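One letter stands for each residue in the lines below.
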Amino acid sequence: MGTATDSTVDRPDTRRVVVLVAGGPEGRRPRVHPADQPLLLADDLAAVRGDGCFETLLVVGGKVAKPERHLARLRRSSAALELEGPSDDEWLAGITLAAREWGAAAEGMLRLVLSRGPERGGGVTAYITVAPVGPQARRARAEGIGVTVLSRGFASDFGESAPWMLLGSKTLSYAANMAALRYATARGFDDVVYLSSDGEVLEGPRSTVVILRDGELISPPGEVGILEGTTLGAMAEVAEREGITVRRERLLVADLLVADAVWLVSSVTLAARVRRIDEVTLPTAEPSIDVATLVDRAVGRA
Ligand code: PLP
């Protein structure tokens, strides 16, 4: 791929890599698809129903971070959707090809997309795209973020009692999450923390909430109907090797407001320190445990 640095400010970086993993006449052999050419049929159920699932991975130094965690979660999402996608080996062959095409010059955001395929039939469509990591993510890492708390409208036990809602799956139906982010941006915030209808802290529209309290890292448990974060999982592994406890515990907004530090963690933005929650400015002291460093180690950036 090109060598343009990802810090170009005024000209958006439009480089893309596309790899088709399943679908089309050639079956399941990963192949590079011209990034400026259409790939899906117009009736693909990903496009018309959001019927499928996806993963977003970081490419750093030409290597893909924690692919096995993403493939395990993709398998869980596709099982919940009753979708039979490519095998892990087929995905891995596509990921390797896409990362090689992208190169090591800039960080990339690599998506795995699994769609139910064309409505007319023909089976699943599976493909990979790579795009540059945008300036927003780099700013969030460096400067931190302001978040607004928004209701998701479901009780914290809804995920378990209503499996058809696919709450713990990473489905392609992200329009509401994107709308929540636009709603936040229009009000001067960078991101969102969702709350259940019974007042529990859930997650961000594309991130996991982590707080530091009394020397322990705490994040809400999966059973409140949230996506199990791969960044949290990889970070916890690194933290526990260093004797740092990472606990799962139900949290209220008050827990965030009195925490020693709060972060939103995710695969591409990595760790964004929360500086403000609605009108409340959070403590600015350097935390005793730096989640950003733990996450960097977990993804091979440090
Ligand atoms: N929660 C939601 C709803 C997400 O979309 C994401 C990531 O996209 C996360 C949490 C964080 O997951 P990960 O750390 O695997 O990126």
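Residues numbered from 1 in each chain as written. Predicted model: local features only at pLDDT ≥ 70, side-chain atom pairs only at ≥ 80, totals over all residues. Heavy atoms only, no water.

In the annotation of an unreviewed UniProt entry, the protein is listed under the name Aminodeoxychorismate lyase and assigned to Dietzia aerolata.

Moving on, we get to the overall build of the protein. If you tally the helices and strands in the protein, you get nine helices and 14 strands. The dimensions of the protein, computed from C-alpha atoms along their principal axes, are 55 × 45 × 40 Å. For the protein, the residues scored as buried account for 52% of the 302 residues in total. Within the protein, counting contacts between residues at least 6 apart in sequence, those at least 24 apart form 70% of the total. Here the protein displays about 14100 Å² of accessible surface, and carbon together with sulfur accounts for 52% of that area. Treating the 35 positive side-chain charges of the protein as one cloud and the 41 negative ones as another, the clouds have centres 4 Å apart. (Helix = DSSP H or I, 4+ residues; strand = E, 2+ residues; numbered from the N terminus. Buried < 20%, exposed > 50% of the residue type's maximum accessible area, 1.4 Å probe, protein only. Contact = heavy atoms within 4.5 Å. Areas by Shrake-Rupley, 256 points an atom, 1.4 Å probe, with all protein chains shown as cover. Lys, Arg positive; Asp, Glu negative; His and termini not counted. Charge placed at Lys NZ, Arg CZ, Asp CG, Glu CD.)

As a further point, take the site of the ligand. Close contacts around the ligand come from 15 residues, with Lys170, Tyr174, Thr230, Thr231 and Ser267 the closest. In the model, an oxygen atom of the ligand is placed 2.6 Å from a nitrogen or oxygen of the Thr231 side chain. Calculation on the ligand without its partners gives an accessible area of 390 Å², and the protein chains cover 95% of this total. Split by residue class, the shell around the ligand holds three nonpolar, eight polar and four charged. (Near = heavy atom within 4 Å. Polar contact = N/O pair within 3.5 Å; in protein donor to acceptor, adjacent residues only side chain to side chain. Nonpolar A, V, L, I, M, F, W, Y, C, P; charged D, E, K, R; others polar.)

Right, let's get into the packing of aromatic side chains. For the structure shown, the criterion picks out two aromatic pairs. In this structure, Arg187 is placed above the aromatic ring of Tyr183, and the distance from its NZ or CZ to the ring centre is 3.5 Å. (Phe/Tyr/Trp six-rings, centres within 6.5 Å; stacked < 30°, edge-to-face > 60°. Lys NZ or Arg CZ within 6 Å of the ring centre and 35° of its normal.)

A word on unusual backbone geometry. Even without a glycine there, the phi angle at Glu82 is positive, about 55 degrees. Tracing the backbone through its elements, the reader meets Glu82 in the loop between helix H2 (67-80) and helix H3 (88-102). For Glu82, a relative accessible area of 72% gives the class exposed.

What follows concerns the environment of Ser78. By the element assignment, Ser78 lies in helix H2. In this structure the C-alpha to C-alpha distance between Ser78 and Gly52, which are 26 residues apart in sequence, comes to 7.4 Å.

As a further point, take the side chain of Glu200. With respect to the secondary-structure elements, Glu200 resides in the loop between strand S8 (191-195) and strand S9 (208-213). Accessibility expressed as a relative area gives 11% for Glu200, which makes it buried. Looking at Glu200, its side chain comes within polar contact range of the side chain of Ser156, at 3.5 Å. If we skip the residues at most four places from it in the chain, Glu200 touches Ser156, Tyr194, Leu195, Val224, Arg250, Leu251 and Leu252.

The next thing to look at is the pattern of salt bridges. Inspection of the entire model under this criterion finds 19 salt bridges. Two residues, Arg15 and Asp13, come together in a salt bridge whose shortest N-O distance is 2.6 Å. Between Arg250 and Glu200 there is a salt bridge, and its shortest N-O distance comes to 2.8 Å. Of this pair, Arg250 sits in the loop between strand S11 (246-248) and helix H8 (253-258) while Glu200 sits in the loop between S8 and S9; the two residues are 50 residues apart in sequence, bridging distant segments of the chain. Overlapping salt bridges, with partners in common, bring together Arg213, Glu216, Arg247, Glu249 and Asp255 in one network. (Salt bridge = Lys/Arg side-chain N within 4 Å of Asp/Glu carboxyl O.)

Our next topic: a negative patch on the surface. Together, Asp157, Glu160, Asp198 and Glu223 make up a region of like negative charge exposed at the surface. With respect to the helices and strands, Asp198 occurs in the loop between S8 and S9. The class of Asp198 is partly exposed, set by a relative accessible area of 42%. (Patch = residues over 30% accessible without salt bridge, like charges linked within 9 Å, V, L, I, M, F, W, Y side chains within 5 Å.)

To continue, consider the nonpolar core. Core analysis: the biggest nonpolar cluster contains 28 residues, and Leu217, Met235, Trp263, Val291 and Leu294 have the highest contact counts within it. Listing elements by their share of this core, those giving two or more residues are strand S3 (52-60), S9, helix H7 (230-241), strand S12 (261-266), strand S13 (270-277) and helix H9 (291-298). Among the elements that take part in this core, H7 stands out by supplying five residues, more than any other. In this structure, this core is formed jointly by two domains, domain 1 (17-133) and domain 2 (137-298), each of which donates at least three residues. Discounting residues that sit within four places of it in the chain, Val291 has contacts with Val210, Leu217, Met235, Trp263, Val265 and Ala271. Formed by 25 residues, the second largest nonpolar core is a distinct cluster that contains Ala98, Ala99, Leu112 and Leu114. (Core = buried A, V, L, I, M, F, W, Y, C linked by side-chain atoms within 4.5 Å. Domains from an automatic or database assignment.)

What follows deals with the pairing of S3. Across the nine residues of S3, nine count as buried, placing the element largely inside the fold. Burial along S3 is two-sided: Gly52, Phe54, Thr56, Leu58 and Val60 and Cys53, Glu55, Leu57 and Val59, pointing in opposite directions, are all buried. In this sheet, strand S5 (residues 108-115) lies alongside S3 in antiparallel orientation, the contact comprising eight bridges. When the bridges of S5 are listed, Leu58 appears paired with Met109. By the bridge criterion, two bridges tie S3 to strand S4 (residues 63-64) in an arrangement that is antiparallel. Within S4, the position partnered with Val60 by the bridge is Lys63. Hairpin remark: S3 followed by S4, antiparallel, with two residues in the connecting loop; positive phi at Gly61, about 60 degrees. (Pairing = 2+ DSSP bridges.)

Moving on to the sheet that holds strand S1 (residues 17-22). An order of S2-S1-S6-S5-S3-S4 is seen for the six strands of this open sheet, with the pairing classed as antiparallel. The outermost strands of the open sheet, each flanked by one partner alone, are strand S2 (31-33) and S4. Docked against the sheet, H3 engages S1, S2, S3, S4, S5 and strand S6 (125-132), running at close to 25 degrees with respect to S6. (Axes fitted to C-alpha atoms, helices over the stretch in contact; angles between N-to-C directions.)

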